[in-house]
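# Structural overview for review
One-letter residues, chain by chain:
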Amino acid sequence: MTSSTGRGGQVRLGPRDLAVDHTLAMLAEGTRFILDVTPVDADTHRAEFVAGTLDEPAFTYRELEADPDVVEAQLEHAPVDRVEDPTLADLLRSKQREMRLQLEMLRARGTDDFRQLSVELYGAVGPTLRSRAEDLVGRLDVSDDPVDLIGAEGFLLLAEAEIEHYRDQDPDIGIHAEVRPDVSGVLVEGGTLLISEDAAIASERGEALLHHEVGTHLVTQVNGTGQPVRTLGSGLAGYDETQEGLAVLAEVGCGGLTPFRLRQLAVRVLTVHRMLAGASFREAYTALVEVGIPAGAAYLTTMRVYRSGGLTKDAIYLRGLLDLLEHLRHGGRLDLLFLGKFALRDLPLVQDLHDRGVLCPARLTPRWLLDPQAVDRLERAAATDDLTTLTEGSTAA
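Residues numbered from 1 in each chain as written. Predicted model: local features only at pLDDT ≥ 70, side-chain atom pairs only at ≥ 80, totals over all residues. Heavy atoms only, no water.

### Things to note about the packing of aromatic side chains
Applied cut-off: In this analysis, rings of Phe, Tyr and Trp, with Trp reduced to its six-membered ring, are considered paired at centre separations within 6.5 Å, and the interplanar angle assigns stacked below 30 degrees, edge-to-face beyond 60, and tilted for intermediate values. For a ring to carry a charge above it, either NZ of a lysine or CZ of an arginine must fall within 6 Å of the ring centroid while also lying within 35 degrees of the normal to the ring plane.
Applying the stated criterion to the full structure yields seven aromatic pairs. These aromatic residues form a ring-pair network of at least three members: Phe49, Phe59, Phe281, Tyr285, Tyr299 and Tyr306. The ring of phenylalanine 49 has arginine 282 sitting right over it, with the charged end atom 3.8 Å from the ring centre.

### A short note on the packing of helix 7 (residues 127-139) against helix 15 (residues 316-329)
We apply this condition: Axis definition: a line fitted to C-alpha atoms, limited for helices to the stretch in contact. Angles are taken between N-to-C directions and run from 0 to 180 degrees. Each helix is a run of H or I in the DSSP string that is no shorter than four residues. Each strand is a run of E no shorter than two, and both are numbered from the N terminus. Small angles under 35 degrees read as roughly parallel and large ones over 145 as roughly antiparallel, with 65 to 115 read as roughly perpendicular and the rest as oblique. Pairs of residues are marked as contacts when any of their non-hydrogen atoms sit within 4.5 Å. Three classes are used: nonpolar for Ala, Val, Leu, Ile, Met, Phe, Trp, Tyr, Cys and Pro, charged for Asp, Glu, Lys and Arg, and polar for all others, with Gly counted as polar.
At a minimum axis separation of 11 Å, helix 7 and helix 15 run at an interaxial angle of 100°. Relative to helix 15, the element helix 7 is oriented roughly perpendicular. Touching Leu129, Arg132, Ala133 and Leu136 of helix 7 are Leu318, Arg319 and Leu322, all from helix 15. Tallied by class, the residues present in the contact of helix 7 with helix 15 amount to five nonpolar, no polar and two charged.

### Concerning unusual backbone geometry
Stated formally: Accessibility here uses a 1.4 Å probe with only protein chains present; expressed as a share of the type maximum, an area under 20% marks a residue as buried, one over 50% as exposed, and anything in between as partly exposed.
The backbone phi angle of serine 308 is positive, close to 65°, even though this residue is not glycine. Relative to the helices and strands, serine 308 is located in the loop between helix 14 (295-306) and helix 15. On the basis of relative accessible area, serine 308 is assigned to the buried category, the value being 1%.

### What to know about the side chain of threonine 242
Its location among the elements puts threonine 242 in helix 11 (residues 239-253). Classification of threonine 242 as buried rests on a relative accessible area of 7%. Ignoring sequence-local partners within four residues, the contact set of threonine 242 consists of Leu324, Leu337, Phe342, Ala343 and Leu344.

### What about the environment of threonine 23?
Mapping threonine 23 onto the fold places it in helix 1 (residues 15-29). For threonine 23, a relative accessible area of 28% translates into the label partly exposed. C-alpha of threonine 23 to C-alpha of leucine 117: the two residues are 94 residues apart in sequence and 24 Å apart in space.

### Some details on the packing of helix 15 against helix 17 (residues 372-383)
The geometry of helix 15 relative to helix 17 is characterised by a closest axis approach of 8 Å and an angle of 100° between their N-to-C directions. As summarised for this structure, helix 15 and helix 17 are arranged roughly perpendicular, according to the angle between their axes. Residues Leu325, Leu328 and Arg329 of helix 15 pack against Leu378, Ala381 and Ala382 of helix 17.

### Some details on helix 12 (residues 259-276)
Where we set the bar: What a helix is expected to span follows from its residue count: subtract one and scale by 1.5 Å.
A rise of 1.5 Å per residue sets the reference length of helix 12, with its 18 residues, at 26 Å; its end C-alpha atoms lie 26 Å apart and thus fit the reference within 8%. Among the 18 residues of helix 12, 14 are classified as buried, and the element is accordingly described as predominantly covered. Immediately beyond the C-terminal end of helix 12, within one or two residues, lies glycine 278, with a positive phi of roughly 105°.

### Some words on the nonpolar core
Worth spelling out the cut-off: Residue types Ala, Val, Leu, Ile, Met, Phe, Trp, Tyr and Cys, when buried and joined through side-chain atoms within 4.5 Å, form a set referred to as a nonpolar core.
Counting 122 residues, the largest nonpolar core has Phe155, Leu193 and Leu318 as its most contacted members. It is helix 5 (residues 86-107) that provides the largest number of residues to this core, a total of nine residues. In contact with leucine 193, other than residues within four places in its own chain, are Phe155, Ala159, His176, Ala177, Glu178, Val186, Leu187, Val188, Glu213, Val214 and Leu218.

### Quick word on the sheet that holds strand 4 (residues 176-180)
Where we set the bar: A pair of strands counts as paired when DSSP detects no fewer than two bridges linking them.
Taken together, the three strands give an open sheet; going across it, the order is 4-6-5, and neighbouring strands pair in mixed fashion. Looking along the sheet, the strands with just one partner apiece sit at the ends: strand 4 and strand 5 (186-189). Mean inter-strand twist for the sheet, computed between neighbouring axes without regard to direction, equals 25°. By the bridge criterion, five bridges tie strand 4 to strand 6 (residues 192-196) in an arrangement that is parallel. Looking at strand 6, one finds that glutamate 178 is bridged to leucine 194. Here helix 8 (residues 152-169) sits on the sheet in contact with strand 4, strand 5 and strand 6, set at roughly 170° to strand 4.

Take a look at the structure:
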């Protein structure tokens, strides 16, 4: 039996199907992929590299907590081919393939194989995406005036206040923020917002970054882990691109997408392209500085792309944004995309689970999406082909 009807009319998938799903979710949650491919000492090399006394940083990476061979053996014992529900089977097969690829990448950290596997996981940079990125870099008017900065502890306070807003919706949510010495920048890992102790965030970016990290990544994590299909919490295959696109849409919606930030997304695309074309770390960094990117930001962008041997993930932010704007342009909705972490291409499959009553209502609604002005901004964004206009609601250059 593939499903049954439980209390309140909700359709329950078969226990064997859910056991496979829960196993994959558990294994995914036990693998800290982005943390494991990101150097622990990126900030310590910055000053020396920017000063020109270091040509290529020799980064150090954390020891893997989960042995890839053990995780792969556990994956092999998850009988995905026996899942009876056809929709869930499609989703879990793709997730199992993706996890195998991630494990290969963890084994290949620091090698050329890592770069090639990254292209398989995240894709490369096609000519259309590259052209859009070059157009943005050439046309965006970015101010070089000094800005006020928020340090790690200051941003932690803002993040904790933002999380409290979501506890008003559901007091039982298990998410939190913390400052760490072994991360770079700001990122979400599971239900935790991690903030580098060296973080320095432009004050006009503060609200947008909260909606990006808390209002998108943590909201979908809470909503996904509350689903019977637990892989919606850990993330289905290919979810990153849509997640990052949604997170940038949140920046647009709250009026916080600045020209500096949009240019940052564009130069990430171009840096991935240069890396795949064979440019050295120093050459890619210099290309950014030559188009006006501040030295510290240029170093961080280059590090993100060259980490572990070459990670193409940073091309997905702009690509994900473009795909979601196209989705909105054709009348697509956003509400189901917040039920968990999954790719836009899998929306029909998630829609099927939703329509059959398998999924639960979302526990949290993004705070920024409740603002009528945000809805208006998204409508205008979907209607334009000129990406530079997405920054018009911003209060900063």
